[in-house]
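Notes for the structure review
Each chain is listed here by its residues.
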Amino acid sequence: MNAQRYDIYSLIHKGLRSCLTEALINLGRVDLSSEAELGTVLVQVGDLLEICRGHLHHENTFIHPAMEACEPGVAAGMYSHHDQHVVMIGQLQSLLAQLQQCAAEARPQVAAQLYRKLAVFVADNLAHMHEEETDNNAVLWRHYSDEEIHAIEQRLVQSLSPGDNARYMRWMLTAMNHQERETLLTAMREQAPAPVYEGVLSLARSNLPLPEWDKLELALAC
Ligand SMILES: [Fe+2]
């Protein structure tokens, strides 16, 4: 891992790891007799699966072609791993629908199936993200400057709808550390349109634990 090079995966993968593991833990401990609690967790799992589906599409569209342009065939394994994830997401979504529709007495068995299958999906994603952060970064760093890698990321971010942008940023902001937040928001204040910066700031204000928000606000005021 080359610490001084720009890591296109770093912050988004922190957000994804948080989203993946929090959904798994909440699904494992949900009160199956509470319609409200179960409803909330099923929405969370559904959101996770859509976030993962979107993320692999973004990598297929913006990162892998950049790798392939310099080393044809180098992203073949990544494309097929993403295809496997699409199949897993489909299976998880049909189990999720089953749990939403099944009778109360069938919930423990269906919930256990969904939970175990989601755990395998989480495990596979954690290993997959490590591969991207090591092997894919090595390819990008061999052929692109940090500015060029940053430009690939900006093209990806600009392709997102405002809703999707907020969805990913919400998980990234809460999963990154104070220094990463300060760096990201300072750069956005200088480079992004004011409404975009204000939008991310309000996401931070409404999703960060108060002591962390206070620390960030103070750092940005300096
Ligand atoms: Fe990926």
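Residues numbered from 1 in each chain as written. Predicted model: local features only at pLDDT ≥ 70, side-chain atom pairs only at ≥ 80, totals over all residues. Heavy atoms only, no water.

1. Thoughts on helix H9 (residues 210-221)
Formally: Strands here are runs of E lasting at least two residues and helices are runs of H or I lasting at least four, both read from the DSSP assignment and numbered beginning at the N terminus. Here the expected span of a helix is defined as 1.5 Å times the quantity of residues minus one. Exposure categories follow from relative accessible area, calculated using a 1.4 Å probe and restricted to protein chains: below 20% of the type maximum is buried, above 50% is exposed, and the middle band is partly exposed. The arc in question is formed by the directions pointing from the helix axis toward the C-beta atoms.
Its twelve residues place the ends of H9 16 Å apart at the C-alpha level, agreeing with the 16 Å of an ideal helix rising 1.5 Å per residue. Residues of H9 that are buried include every one of Trp213, Leu216, Ala219 and Leu220, and no others. Taken end-on, H9 shows its buried residues confined to a sector of 130°, consistent with a single buried face. Facing away from the buried side of H9, by more than 90 degrees, are the exposed residues Leu210, Pro211, Leu218 and Ala221.

2. A few points about the domain arrangement of the protein
As a reminder, the rule being used: Domain delimitation follows an automatic or database domain assignment.
Here the protein is partitioned into domain 1 (10-161) and domain 2 (176-222). For domain 1 and domain 2, the distance between their C-alpha centres works out to 25 Å.

3. Topic: the side chain of histidine 81
Quick note on the threshold: We call two residues in contact whenever any of their non-hydrogen atoms come within 4.5 Å of each other.
Examined against the element boundaries, histidine 81 turns out to sit in helix H3 (residues 76-101). Apart from residues no more than four positions distant in its own chain, histidine 81 is found in contact with Asp124, His128 and Glu131.

4. Some thoughts on the pattern of salt bridges
Condition: We define a salt bridge as a side-chain nitrogen of Lys or Arg found within 4 Å of a carboxyl oxygen belonging to Asp or Glu.
Within this structure, the stated rule accounts for nine salt bridges. Within this structure, Asp47, Asp164 and Arg167 form a network of salt bridges that share partners.

5. A short note on the coordination of the iron ion
Note the threshold: Listed donors are limited to N, O and S atoms within 2.8 Å of the metal, widened to 3.2 Å for Na, K and Ca; water is not among them, so incomplete-looking sites are possible. Site shape is set this way: if four donors have all angles between 85 and 135 degrees, tetrahedral; if opposite donors are over 155 degrees apart and all others between 65 and 115, square planar for four donors and octahedral for six; otherwise irregular.
Protein coordination of the iron ion is provided by Glu59 (OE), His82 (NE2), His128 (NE2) and Glu132 (OE), with donor distances spanning 1.9 to 2.3 Å. One way to put it: the four donor atoms around the iron ion meet at angles of 80 to 160°, and that makes the site irregular. Each donor residue of the iron ion belongs to the same chain, with the gaps between them written as E-x22-H-x45-H-x3-E. In this pair, histidine 82 sits in helix H3 while glutamate 132 sits in helix H4 (residues 107-143), placing the two residues 50 residues apart along the sequence.

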